[in-house]
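Residue-level listing of the chains:
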Amino acid sequence: MSWRQISPKVRTRFAPSPTGYLHVGGARTALYNYLYAKKNGGEFILRIEDTDEARSTEESLKMVIQDLVWLNLLWDEGPDAGTLKDQGPVGPYRQSQRLSLYKDVADKLLAEGKAYYCFLTDEEIEAQRQAAMAAGRPPHVNSPYADWSLEQARAKIAEGGKAVVRYKTKHLKKDYVIQDLIRGEVKFPSDMVGDFVLLRTGGMPVYNFCCVVDDHLMRITHVLRAEEHLSNTLRQLMIYEAMNWPVPEFGHVSLVLDEDRQKLSKRKGAVSCNQFREEGYLAEAVENFIALLGWSHPEGKEIMSMKDMEEAFSTDRLNAAGAVFDRVKLKWVNAMHLRALPEAELWAMVQPFLAKAGVQTPADPAWRERSLKVFKTSMELLADAVPLYSLLDDGKFTVLPEAEEALGWETSKAVVGAWRDLIAAHGREDFTEEEFLKIQDEVKNRSGAKGKNLFMPVRVAVIGKPHGTELKILVPLMSQQSLLRRADQVLARWN
RNA sequence: GUCCCCUUCGUCUAGAGGCCUAGGACAUUACCCUUUCACGGUAAAUACGGGGGUUCGAAUCCCCCAGGGGACGCCA
């Protein structure tokens, strides 16, 4: 192993396997790599690890890419987000298209006697495992083929023998050490692993092998990845050593855990990025939140834009302990981002949610901005706009059961009646706040009701329920016609 | 079972020997603002896993234990 400089420029990568949607743990890894590259004026590469033929799908690839695009974690090299065509000087960027590269390396290792063809069957391996476990030994394979000559093995293959290529580890008796960016010095005894597979029976490489070949060929300088890969690092170090390749810097990021402190797994579901998008989270808020799961801003900043994070990111503030994914705090972070957004921008994001729910709104941009200014303090998610705007949609006006009490008060009929008359007498189609307050005052005079006896019935006549946004804010967003229709509908109860 | 990693309020964290009677944020509770609901403001409560060292002094350094997590695959 050497510490030759790999690249004058920082080069990081995110290397998902397209076997499902992008989950938040993966998104965080991508984010950290992205931030590290940006912070250091480097390049961020997207590589697709699709060597698991059984589970990788084109569909998943598209989903992962879509999620990365949503998060705005755009890569400098890798499959183009639109065409999926490779973009960059060290492609292909999909492992399934790099097979000959892996084969060349494997052949070299084979020729040098550092790897060998192994003909052990699944059954034989399983039997070995059981025996080893029972005897309290680590469940490593012990292949009788390790000592075969290449000629011997090739002959057996020629006869139809099915073989994997395994890396020879038995003779390696020493500790392998990395200086982990997050954990400091980590030592792995070489006997921690047995002879591991490089190439599968079909010639398809295995993760630990192609990862090394690719990181080397793609000149990756810094690898930030999940802690679950920490023990894989040993195998990878062995390959780097065998090939005499420089080793990149590693940083093993803590795991994202669910509420039971278990690994948040994509197989357990319920944590995909697209799901958060659909629920009305903002990409920047999700990134802000997941960044904080294992990293902190030097000044303790909690609400950050991507720019803030790009400027402040460093690996020395990365945390080694696992972090629980707290949805409640995510919501809060989202609410903060949402409020910080200019209304026009927010509207563009809210609109699809309203459209999907069939909520009608006036087309006037000024009205939209005005309404959002009012509503956004009571929104945590984009989807929260739906019940809010439904209040203003005449087609959705109904008197809720919770309004019954307020309508039952003895002055309520007089209140709503006076309200209706004053609205009808108003000379214009819309109302200012002052006009509303004047009307409200007059309702008080005519009905004799005051306090909640006054406000609640009026509110019911406006939005169908006794609680909610201040009327002096709501009414200026509504039309005379709409208010009249609603008041009449409530009044009809007494007839 | 073996090896590796981790361990500060319920949760995310600050903390790199004295600034710590441990700070911030979310959540919680109370109060204030508000003739509703939110928003906002103020305050309270809650943590260094346990045991040994080292040191004048330890959340911070070392060791042991316990607990949690991860890996041990022709998954990544």
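Residues numbered from 1 in each chain as written. Chains lettered and ligands numbered in written order. Predicted model: local features only at pLDDT ≥ 70, side-chain atom pairs only at ≥ 80, totals over all residues. Heavy atoms only, no water.

J.: What am I meant to see in the environment of Glu49 here?
T.: For Glu49, the location among the structural elements is in the loop between β2 (43-46) and α2 (58-70). Linking Glu49 and Leu61, residues twelve residues apart in sequence, is a C-alpha distance of 9.9 Å. One polar contact links Glu49 to Arg47, side chain to side chain, over a distance of 2.9 Å. (Helix = DSSP H or I, 4+ residues; strand = E, 2+ residues; numbered from the N terminus. Polar contact = N/O pair within 3.5 Å; in protein donor to acceptor, adjacent residues only side chain to side chain.)

J.: Teacher, can you tell me more about helix α3 (residues 99-111) here?
T.: Each α-helix winds once per 3.6 residues, and so residues spaced three or four apart point in a common direction. With 13 residues, α3 ought to run about 18 Å at 1.5 Å a step, and its terminal C-alpha atoms sit 18 Å apart, in line with that. Taken as a whole, α3 has its buried residues at Tyr102, Val105, Ala106, Leu109 and Leu110. Each buried residue of α3 sits inside an arc of 140° when the element is viewed along its axis, so together they form one side. On the buried face of α3, the contacting elements are β5 (115-118), α5 (150-158), β6 (164-167), β9 (197-199), α6 (207-217) and α7 (232-243). Following α3 by one or two positions, Gly113 has its phi on the positive side, about 75°. (Expected span 1.5 Å × (residues − 1). Buried < 20%, exposed > 50% of the residue type's maximum accessible area, 1.4 Å probe, protein only. Arc of directions from axis to C-beta. Contact = heavy atoms within 4.5 Å.)

J.: Can you help me understand the layout of surface pockets in this one?
T.: Any space left empty among the atoms is revealed by the rolling of a water-sized probe across them. Put simply, the second largest pocket is a space of about 470 Å³. Lining the second largest pocket are 20 residues; nearest its centre among them are Ile125, Val141, Arg166, Asp195 and Val197. Of all the elements in the fold, those that place two or more residues in the lining of the second largest pocket are α4 (122-134) and β6. Here the element with the most residues in the lining of the second largest pocket is α4; it accounts for three residues. Tallied by class, residues from the lining of the second largest pocket come to ten nonpolar, four polar and six charged. (1 Å grid on protein atoms, 1.4 Å probe; cavity = no way out; pocket = protein on both sides within 12 Å on 5 of 7 lines; lining within 4 Å. Points joined across faces, edges and corners; volume = space filled by probe spheres on them. Nonpolar A, V, L, I, M, F, W, Y, C, P; charged D, E, K, R; others polar.)

J.: I'm lost on the packing of aromatic side chains in this one. Help?
T.: Note on aromatic pairs: each is described by the distance of the centres and the angle between the planes. The full count for this structure, using the stated rule, is 15 aromatic pairs. Between the aromatic rings of Phe375 and Tyr389, the centroid separation amounts to 4.9 Å while the plane-to-plane angle is 80°, which identifies the pairing as edge-to-face. Residue Phe375 is found in helix α13 (residues 365-375), and its partner Tyr389 is found in helix α14 (residues 385-390); the two are separated by 14 residues along the sequence. Among the residues examined, Tyr389 registers a relative accessible area of 0% and is labelled buried. Pairing Trp419 with Phe436 gives two aromatic rings, centres 6.0 Å apart and planes at 75°, and the pair type is edge-to-face. Of this pair, Trp419 sits in helix α16 (residues 412-425) while Phe436 sits in helix α17 (residues 433-447), and the two are 17 residues apart along the sequence. We classify Trp419 as buried; its relative accessible area is 1%. In this structure an aromatic cluster arises from ring pairing among Phe276, Tyr281, Phe289 and Phe325. Directly above the ring of Phe119 sits Lys156, whose terminal nitrogen or CZ lies 5.2 Å from the centroid. (Phe/Tyr/Trp six-rings, centres within 6.5 Å; stacked < 30°, edge-to-face > 60°. Lys NZ or Arg CZ within 6 Å of the ring centre and 35° of its normal.)

J.: Even after reading the chapter, I still don't get the domain arrangement of chain A, so can you show me in this structure?
T.: Buried accessible area, meaning the area lost when the parts come together, often serves as the stated size of an interface. Once the domains are mapped, chain A shows domain 1 (99-253), domain 2 (266-340) and domain 3 (344-494). The interface is formed by twelve residues belonging to domain 2 together with ten residues belonging to domain 3. If you sort the residues of domain 2 by the area they bury against domain 3, Lys331, Leu338 and Arg339 come out on top, with a joint share of 54%. The interface formed by domain 2 and domain 3 includes zero salt bridges. Across the contact surface, domain 2 and domain 3 share four residue pairs in polar contact (both at pLDDT 80 or more). Considering each element in turn, the side of domain 2 that touches domain 3 owes the most residues, six residues, to helix α11 (residues 327-340). Looking at the side of domain 2 that touches domain 3 residue by residue, the class counts come to five nonpolar, two polar and five charged. (Domains from an automatic or database assignment. Buried area = accessible area lost by both parts, 1.4 Å probe. Salt bridge = Lys/Arg side-chain N within 4 Å of Asp/Glu carboxyl O.)

J.: Teacher, can you tell me more about the nonpolar core here?
T.: General note: in soluble globular proteins, nonpolar side chains tend to be found buried as a group. In terms of nonpolar packing, the biggest core is built from 106 residues, with Leu68, Ile290, Trp295, Phe325, Tyr389 and Trp419 touching the most fellow members. At nine residues, helix α1 (residues 24-39) tops the list of elements feeding residues into this core. When sequence neighbours within four positions are dropped, the list of residues in contact with Ile290 reads Val24, Ala27, Arg28, Leu31, Tyr32 and Phe325. Residues Val90, Ile125, Ala153 and Phe188 belong to the second largest nonpolar core, which totals 49 residues. (Core = buried A, V, L, I, M, F, W, Y, C linked by side-chain atoms within 4.5 Å.)

J.: When you look at the pattern of salt bridges in this model, what are you seeing that I'm missing?
T.: Close approach of charged atoms allows side chains of opposite charge to pair. Inspection of every chain in the model, using the stated rule, returns 31 salt bridges. Its salt-bridge partner being Asp107, residue Lys103 comes within 2.9 Å of it at the nearest N-O pair. Note that Lys103 and Asp107 are positioned in helix α3 at a spacing of four residues, about one turn of the helix. Judged by relative accessible area, Asp107 falls into the partly exposed class, the value being 26%. A salt bridge links Asp394 to Arg485; its shortest N-O distance comes to 3.4 Å. Residue Asp394 is located in the loop between α14 and α15 (404-408), and its partner Arg485 is located in helix α20 (residues 480-491); the two are separated by 91 residues in the primary sequence.

J.: What am I meant to see in the side chain of Ser56 here?
T.: Along the chain, Ser56 falls in the loop between β2 and α2. Discounting residues that sit within four places of it in the chain, Ser56 has contacts with Pro18, Thr19, Glu49, Asp50 and Thr51.

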